[in-house]
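# Summary of the model geometry
One letter stands for each residue in the lines below.
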Amino acid sequence: MTTLLVIDIGNTNVSLGLFDYPDRSAARLAEHWRIGTHREQTSDEMGLTLRALFRQAHRDCEEVTDIAISSVVPPLLPIWERVSTKLFGREPLVVGPGIRTGLPVLYENPREVGADRIVNSLAAFELLGGPVIAVDFGTATTFDCVSKGGEYLGGAIFPGIHTSMAALFDRASMLHQVELMRPRSVIGKTTTTALQSGLLYGFAGVVDAMVARIRGELGADARVVATGGLAGLVSAECSVIDRVEPFLTLEGLRLIFEKNRPNP
């Protein structure tokens, strides 16, 4: 049986998923994990973390037959490649130039597009067809657009919620860190609820406005899928999100693996 480990290396978190293939045509996301991105960690330290995650899930590292990786943190990619060979005895499939995705990339310089954006776009297109917009609430909030014919067109990048929060609290002495949650009203009665209102409803407004503008160019029938750690919270306050898929990136990596694995 094929067991695929997918790894998405982001600026804030590393997301991992374990897909079991009872047969070649069907995959099931059996396990998923999210760990912090630590640029100073060695491959040995990362290996220990992975062993602990597998052990906690009652899985064996020797079950892994294939690995697929996407990364937007270049210094960490060779470290995770070493983890793959040392811990699993496998060379990973790395999303990048030369990898088949099935999405023609119409960016002026395709090498500038983050691997995660291509992965999300592929998964969104496979899920909902085109035209489609994938919104990822991560370190940055990204909007990625795929045409009706399945072409990656580009998108927009906006600071992520936590990134904006950190910048605000770092520069405003009288403001303090707050838990991001839905306040009782838009008009905050305390500094905490005022911040929560501005962050949550403000970002929801940005998403609605951006999608409206993108649809003006992409087509009014473009559907929207959201992913990322805060997708559920923010999407609940948006009017344009058709679907929330927490594991969109993991599914995209699975699809890329399937498009690039050798024929039997």
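Refer to the structure presented above.
First, a word on what this report is: a plain description of the structure on this page. Treat the numbers as computed from the prediction; the structure is a model and nothing was measured.

So, about helix α7 (residues 248-260). Along its 13 residues, α7 runs 19 Å from first to last C-alpha, staying within 8% of the 18 Å computed at 1.5 Å per residue. Of all the 13 residues making up α7, ten are buried; the element is thus mostly covered by neighbouring parts of the structure.

On to unusual backbone geometry. With an omega of 0°, the peptide bond between glycine 130 and proline 131 qualifies as cis. One can find proline 131 in the loop between α3 (115-128) and β6 (132-137). For histidine 58, which is not glycine, the phi dihedral falls at a positive 60°. The exposed category is assigned to histidine 58, whose relative accessible area is 73%.

Glancing now at the sheet that holds β6. Pairing is mixed across the open sheet formed by five strands, whose spatial order is β8-β7-β6-β9-β10. Since the sheet does not close on itself, it has two edges, and those belong to β8 (152-159) and β10 (243-244), each with one partner. In the sheet, strand β9 (residues 223-227) pairs with β10 via two bridges, with the strands oriented parallel. Looking across to β10, one finds that alanine 226 is bridged to valine 244. Seen against the sheet, helix α5 (residues 191-218) touches β6, β7 (140-146), β8 and β9 and runs at an angle of roughly 20° to β7.

Turning our eyes to something else, we now look at the pairing of β8. Across seven bridges, β7 lies against β8 in antiparallel orientation. When the sheet's bridge partners are listed, aspartate 144 is paired in β8 with glycine 155. Count of turn residues in the β7/β8 antiparallel hairpin: five residues, of which glycine 150 carries a positive phi of about 85°.

The next point concerns the sheet that holds strand β2 (residues 13-23). As summarised here, the arrangement of the five strands in space is β3-β2-β1-β4-β5, forming an open sheet in which the pairing is mixed. Since the sheet does not close on itself, it has two edges, and those belong to β3 (26-36) and β5 (93-94), each with one partner. Two strands pair when backbone bridges link them, and strand β4 (residues 66-71) and β5 are joined in this way by two bridges, in the parallel orientation. The partner of alanine 68 across the bridge, within β5, is leucine 93.

Turning our attention to helix α4 (residues 161-171). What α4 keeps buried is the set Ile161, Met165 and Phe169. For α4, the buried positions fall inside an angular range of 55° around the axis, keeping them on one side. In α4, the exposed positions angled more than 90 degrees off the buried face are occupied by Asp170 and Arg171. Against β7, β8, α5 and α6 (231-235) lie the buried residues of α4.

Parameters at a glance
Residues numbered from 1 in each chain as written. Predicted model: local features only at pLDDT ≥ 70, side-chain atom pairs only at ≥ 80, totals over all residues. Heavy atoms only, no water. Helix = DSSP H or I, 4+ residues; strand = E, 2+ residues; numbered from the N terminus. Expected span 1.5 Å × (residues − 1). Buried < 20%, exposed > 50% of the residue type's maximum accessible area, 1.4 Å probe, protein only. Pairing = 2+ DSSP bridges. Contact = heavy atoms within 4.5 Å. Axes fitted to C-alpha atoms, helices over the stretch in contact; angles between N-to-C directions. Arc of directions from axis to C-beta.

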